[in-house]
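Take a look at the letters that make up each chain.
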Amino acid sequence: MTRDPEDESRTIVRKVARMQEAQKRRKQSAWRGLGMFGLVGWAVAVPIIAGIALGRWIDARWPGETSWTLALLLAGAFLGALNAWFWVQREGRDD
């Protein structure tokens, strides 16, 4: 019994396409999403906490009218948002 080479090539192409789709779906698992969520959370939280700690230290050392804690908290939030945006953009390019 001989097989048609065209049927075999279509079968191979179909199987390759199915394998590629399965690999794409595997990369987009729930664990990957939770990991990305955690990474973005830390990317925002660390600069905020660092800004608060540095601001409290400056306020304790050199008291004045300016609240360095508040100013550096806002700077940390801004840097954290930029950092999170960077990570989300980087992960979005991989898709």
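Structure's up top.
Summary of the structure given here.

Calculation rules
Residues numbered from 1 in each chain as written. Predicted model: local features only at pLDDT ≥ 70, side-chain atom pairs only at ≥ 80, totals over all residues. Heavy atoms only, no water. Helix = DSSP H or I, 4+ residues; strand = E, 2+ residues; numbered from the N terminus. Buried < 20%, exposed > 50% of the residue type's maximum accessible area, 1.4 Å probe, protein only. Contact = heavy atoms within 4.5 Å. Areas by Shrake-Rupley, 256 points an atom, 1.4 Å probe, with all protein chains shown as cover. Phe/Tyr/Trp six-rings, centres within 6.5 Å; stacked < 30°, edge-to-face > 60°. Patch = residues over 30% accessible without salt bridge, like charges linked within 9 Å, V, L, I, M, F, W, Y side chains within 5 Å. Salt bridge = Lys/Arg side-chain N within 4 Å of Asp/Glu carboxyl O. Expected span 1.5 Å × (residues − 1). Polar contact = N/O pair within 3.5 Å; in protein donor to acceptor, adjacent residues only side chain to side chain.

The subject of this paragraph is the overall build of the protein chain. Each helix and strand counted, the protein chain has 3 helices and 0 strands in total. Written out in order from the N terminus, the α and β elements of the protein chain read α-α-α. Within the protein chain, the proportion of its 95 residues that are buried is 11%. Look at the contacts in the protein chain between residues 6 or more apart in sequence, and 59% of them connect residues 24 or more apart. Total accessible area computed for the protein chain in this model is approximately 8,200 Å², and 64% of it derives from carbon and sulfur atoms.

On to the packing of aromatic side chains. Scanning all chains against the criterion turns up 2 aromatic pairs. Ring geometry for W57 versus W62: centroids 5.8 Å apart, planes at 90 degrees, classification edge-to-face. By relative accessible area, which is 43% here, W57 ends up partly exposed. Residue classification places W62 among the exposed residues on the basis of a relative accessible area of 54%. Between F86 and W87 the ring centres are 5.7 Å apart and the planes differ by 70 degrees, which places this aromatic pair in the edge-to-face class.

A surface patch of nonpolar side chains, amounting to about 360 Å² of accessible area, comprises L54, W57 and W62. By the secondary structure assignment, L54 is in helix α2 (residues 30-61). On the basis of relative accessibility, which here comes to 43%, the residue L54 falls in the partly exposed class.

The next point concerns the pattern of salt bridges. One pass over the full model with this rule turns up 1 salt bridge. Of the charged contacts, one joins R10 and D7 as a salt bridge, the two residues approaching to 3.4 Å between their closest N and O atoms. Taken together, the residues span about one helical turn, with R10 and D7 both in helix α1 (residues 5-27) at a distance of 3 residues. Taking the relative accessible area as the measure of exposure, R10 reaches 48% and is therefore partly exposed.

Below, the discussion takes up α2. The end-to-end C-alpha distance of α2 is 46 Å, a good match for the 46 Å that 32 residues give at a rise of 1.5 Å each. Along α2, the residues that are buried comprise M36, A43, P47, G51, G55 and I58.

All right, on to the environment of A81 then. Tracing the backbone shows A81 in helix α3 (residues 68-94). Among the residues examined, A81 registers a relative accessible area of 43% and is labelled partly exposed.

The next thing to look at is the environment of T69. Position of T69 among the secondary structure elements: in helix α3. A polar contact of 3.3 Å, which involves the side chain of T69, links it to the backbone oxygen of G55.

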